[in-house]
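Commentary on secondary and tertiary structure
The chain contents come next:
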Amino acid sequence: MATEFTIVPVIVIGVVLGIIELIFVHQDESGMGWLKHGLHALPTMFLFIFISMNIGFVLGLFKMKENFWIDIGVRVVVGLIAMVKIKAAAAVAGRVGEKTIHVIIIGVLVMAAPYLWELIACNIEFIKNLPMNGCPVKK
């Protein structure tokens, strides 16, 4: 994955997943204050994507070294925490909440975000030329 601190994919993927989350919340909680609930989910989505896209930086805060299996483990844990947070948010408010399939979709997208970014966006020349683009550095 990326060897430098990344911001561009955090913003882009955070906005995309935030919009998907808003759509899911609207479908599942329509008429129950879905917009307020959905908007509160956006900042946490950016946090989950930030951690998933900047594992080297986050692990460095804990004096840990990065490797393939730790990367996978951290992304899975972050995705699971995202799923629990999404499912619990409406339950705490006493509402119906999101459908389990929608929660799983968002969690899997959080886990897969860095790989999807590298697979799709890093093949676009414009993105490769941006600073902090999250694309692997050619050696």
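Definitions and limits used
- Residues numbered from 1 in each chain as written.
- Predicted model: local features only at pLDDT ≥ 70, side-chain atom pairs only at ≥ 80, totals over all residues.
- Heavy atoms only, no water.
- Helix = DSSP H or I, 4+ residues; strand = E, 2+ residues; numbered from the N terminus.
- Buried < 20%, exposed > 50% of the residue type's maximum accessible area, 1.4 Å probe, protein only.
- Disulfide = S-S within 2.5 Å.
- Core = buried A, V, L, I, M, F, W, Y, C linked by side-chain atoms within 4.5 Å.

Details of unusual backbone geometry
Despite not being glycine, lysine 63 has its phi angle at roughly 60°, a positive value. Mapped onto the elements, lysine 63 comes out in the loop between α3 (55–61) and α4 (68–92). Residue lysine 63 is classed as exposed on the basis of its relative accessible area, which comes to 77%. Positive phi values are uncommon outside glycine, yet methionine 132 reaches one of about 55°. Note on methionine 132: relative accessible area 38%, which makes it partly exposed.

A few points about the state of the cysteines
Using the criterion set out here, one finds 1 disulfide in the structure. There is a disulfide in this structure between cysteine 122 and cysteine 135, and the S-S distance comes to 2.1 Å. Looking along the S-S bond of the cysteine 122-cysteine 135 disulfide, the torsion reads about -100°, which is the left-handed sense. Taken together, the residues cysteine 122 in the loop between α5 (100–120) and α6 (125–128) and cysteine 135 in the segment after α6 connect sequence positions 13 residues apart. The class of cysteine 135 is buried, set by a relative accessible area of 7%.

Digging into the nonpolar core
Counting 26 residues, the largest nonpolar core has Ile13, Ile49, Val110 and Trp117 as its most contacted members. Secondary structure elements with two or more residues in this core: α1 (8–29), α2 (34–53), α3, α4 and α5. Among the elements that line this core, the one with the most residues is α5, at 6 residues.

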